[in-house]
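Coordinate inspection notes
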Amino acid sequence: MMVIAVVPAYNEERTVGGVVRSLFPHVREVVVVDDGSQDGTADEARAAGARVVVHRLNRGLGAALGTGITEALRRGAEAIVTFDADGQHDAADVKRLTAPIEAGEADIAIGSRILERRSMPVSRRAANWIGNALTFVLFGQWVSDSQSGLRAFSRRAAEELEIKCDRMEVSSEIVKEIRRHGWRLTEVPIKPVYTDYSMSKGQGFLVGLKTAGKLLIRRIMM
Amino acid sequence: MLLIQIFILAFVAFALWRTVGRFRAGELKRSALALWLLFWLALATVTVLPQSASWFATFVGVGRGVDAAVYLAIIILYYLMFRIFLRLEKIDHDITLVVREMGLKESGKSGSEREENSSR
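Overview of the structure. (Residues numbered from 1 in each chain as written. Chains lettered and ligands numbered in written order. Predicted model: local features only at pLDDT ≥ 70, side-chain atom pairs only at ≥ 80, totals over all residues. Heavy atoms only, no water.)

Here we take up the overall build of chain B. For chain B, the helix and strand inventory stands at four helices and zero strands. For chain B, whose C-alpha radius of gyration is 26 Å, the value lies well above the compact-globule estimate of 14 Å for 120 residues. Overall, the C-alpha framework of chain B stretches about 90 × 30 × 25 Å when taken along its three principal axes. Here chain B, with 120 residues, has 20% of them falling under the buried criterion. For chain B, restricting intrachain contacts to residue pairs at least 6 apart in sequence, the fraction spanning at least 24 positions comes to 39%. Carbon and sulfur atoms form 70% of the exposed surface of chain B, whose accessible area is close to 9,100 Å². Seen as two clouds, the 14 positive and the 10 negative side-chain charges of chain B have centres 12 Å apart. (Helix = DSSP H or I, 4+ residues; strand = E, 2+ residues; numbered from the N terminus. Rg over C-alpha atoms; globule rule 2.2 N^0.38 Å. Buried < 20%, exposed > 50% of the residue type's maximum accessible area, 1.4 Å probe, protein only. Contact = heavy atoms within 4.5 Å. Areas by Shrake-Rupley, 256 points an atom, 1.4 Å probe, with all protein chains shown as cover. Lys, Arg positive; Asp, Glu negative; His and termini not counted. Charge placed at Lys NZ, Arg CZ, Asp CG, Glu CD.)

Next comes the structure, spelled out in structure tokens:
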């Protein structure tokens, strides 16, 4: 099966090369979307063998995912895996996410950091729960890790997926799309790798608050 | 007539002139023109006949004319803010679409060059 990994990256020159190399045993191609980085992210990704799409301006996570998924579809992907560039995911988990899609049992698989009970720091767990609850209240779909960046889509789901949110709200928007299109969802426990670096890269409290606010406004007004 | 009334009337005249001008230039839809004309004419009416605001206030059930005007102003401001918010969101997303299109085009070009090189 033609599995393509999509890696959105913003100023991740320290980690993106390693992430791309770690993915290659598990996927056919890697598409890195350099989202307007000021550092050497694009060069590092190219050197590691990824196909790189460059955003001239920083447009946010949702925009980068949309670009990467479009490119992966053009490259003939039969399944698409989204993977964070900060090194918090373990490439060994990719196969477990694509397996249910390959078997035709699911349209989307989300890697859940919660199901693997061990290592999520308490502050993260609390923030995650709030994100889940808000996503559930707004969009009526419960996912144990709504803000997870590790997901796999079938080609059909990726084609149906419509991303309108350019920034962090995209994670909840994808959950909304599950319900809208009636996709079959599987949640797969994954091992998050929490280093000081990946901890510093996630949504901080203020960004989380802003994300929540935007989601609310979107739900009420649009 | 009070000086402030003259100031407001002059401003309303200026606003009316600009509104009609923008409509003639095709920048304003007919419905928007109607709404703006209504708004500025209402303001002119209240300026010339302050008691008309009191009449309106009693009509909608708010005590004083000035209070009704303030409530109305807040509602209108919120509405305009919301419109601007939607506009910004749309422009923001449009920029994303342009940036995406450029990125995909460039990667298509450089990608096919590299494939040619590697097949040589």
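Two modes of strand pairing occur in sheets, parallel and antiparallel, and in both the strands are linked by backbone hydrogen bonds. Residues and elements named next belong to chain A. The seven strands lie next to each other as 3-2-1-4-6-5-7, forming an open sheet whose pairing is mixed. Sheet topology places strand 3 (51–55) and strand 7 (185–189) at the edges, where each strand pairs with a single neighbour. On average, each strand axis in the sheet is tilted by 20 degrees relative to the strand beside it, whichever way the strands run. Against the sheet, helix 1 (residues 16–23) engages strand 1 (3–9) and strand 2 (29–35), with an angle of about 160 degrees to strand 2. Contacts from helix 3 (residues 61–74) reach strand 1, strand 2, strand 3, strand 4 (79–82) and strand 6 (151–154), with the element oriented near 155 degrees to strand 1. (Pairing = 2+ DSSP bridges. Axes fitted to C-alpha atoms, helices over the stretch in contact; angles between N-to-C directions.)

So, on to the environment of Asn11 of chain A. Residues and elements named next belong to chain A. Note that Asn11 resides in the loop between strand 1 and helix 1. The spatial distance from the C-alpha of Asn11 to the C-alpha of Gln38 is 6.3 Å, given a sequence separation of 27 residues. Separated by 3.5 Å, the side chain of Asn11 and the backbone nitrogen of Asp39 make a polar contact. (Polar contact = N/O pair within 3.5 Å; in protein donor to acceptor, adjacent residues only side chain to side chain.)

For the structure shown, the criterion picks out eight aromatic pairs over all chains. For the pair Phe136 of chain A and Trp142 of chain A, a centre-to-centre distance of 6.1 Å together with 70 degrees between the ring planes defines the contact as edge-to-face. Given the relative accessible area of 40%, Trp142 of chain A is considered partly exposed. Plain terms: the ring middles of Phe11 of chain B and Trp40 of chain B are 5.7 Å apart, the flat faces sit at 75 degrees to each other, and that makes the pair edge-to-face. Of this pair, Phe11 of chain B sits in helix 1 (residues 3–24) while Trp40 of chain B sits in helix 2 (residues 30–48), and the two are 29 residues apart along the sequence. Taken together, the ring pairs in this structure connect Phe11, Trp36, Phe39 and Trp40 of chain B into an aromatic cluster. (Phe/Tyr/Trp six-rings, centres within 6.5 Å; stacked < 30°, edge-to-face > 60°.)

Our focus in this paragraph is empty space enclosed by the protein. Leftover empty space is mapped by rolling, across the atoms, a probe with the size of a water molecule. Within the structure shown, the criterion is met by two cavities of 30 Å³ or more. Quantified by volume, the largest cavity comes out at close to 70 Å³. Of all the elements in the fold, those that place two or more residues in the lining of the largest cavity are helix 9 (205–221) of chain A together with helix 4 (65–119) of chain B. Per-element accounting of the lining of the largest cavity gives the leading share, three residues, to helix 4 of chain B. Along the lines of polarity and charge, the residues of the lining of the largest cavity split into one nonpolar, one polar and eight charged. Of the voids in this model, the second largest cavity is the one considered here, and its volume is about 30 Å³. As for the second largest cavity, its lining consists of Pro8, Leu61, Leu65, Thr82, Phe83, Asp84, Gly149 and Arg151 of chain A. (1 Å grid on protein atoms, 1.4 Å probe; cavity = no way out; pocket = protein on both sides within 12 Å on 5 of 7 lines; lining within 4 Å. Points joined across faces, edges and corners; volume = space filled by probe spheres on them. Nonpolar A, V, L, I, M, F, W, Y, C, P; charged D, E, K, R; others polar.)

Glancing now at helix 4 (residues 94–102) of chain A. All names here are of chain A. Turning to helix 4, its buried residues number three or more, namely Val94, Leu97, Thr98, Pro100 and Ile101. With its buried residues spanning 155 degrees around the axis, helix 4 presents them on a single face. Structurally, helix 4 contributes buried residues whose contacts are with strand 1, helix 1, strand 4, strand 5 (108–112), strand 6 and strand 7. Positive backbone phi, approximately 75 degrees, marks Gly104, located one or two places after helix 4. (Arc of directions from axis to C-beta.)

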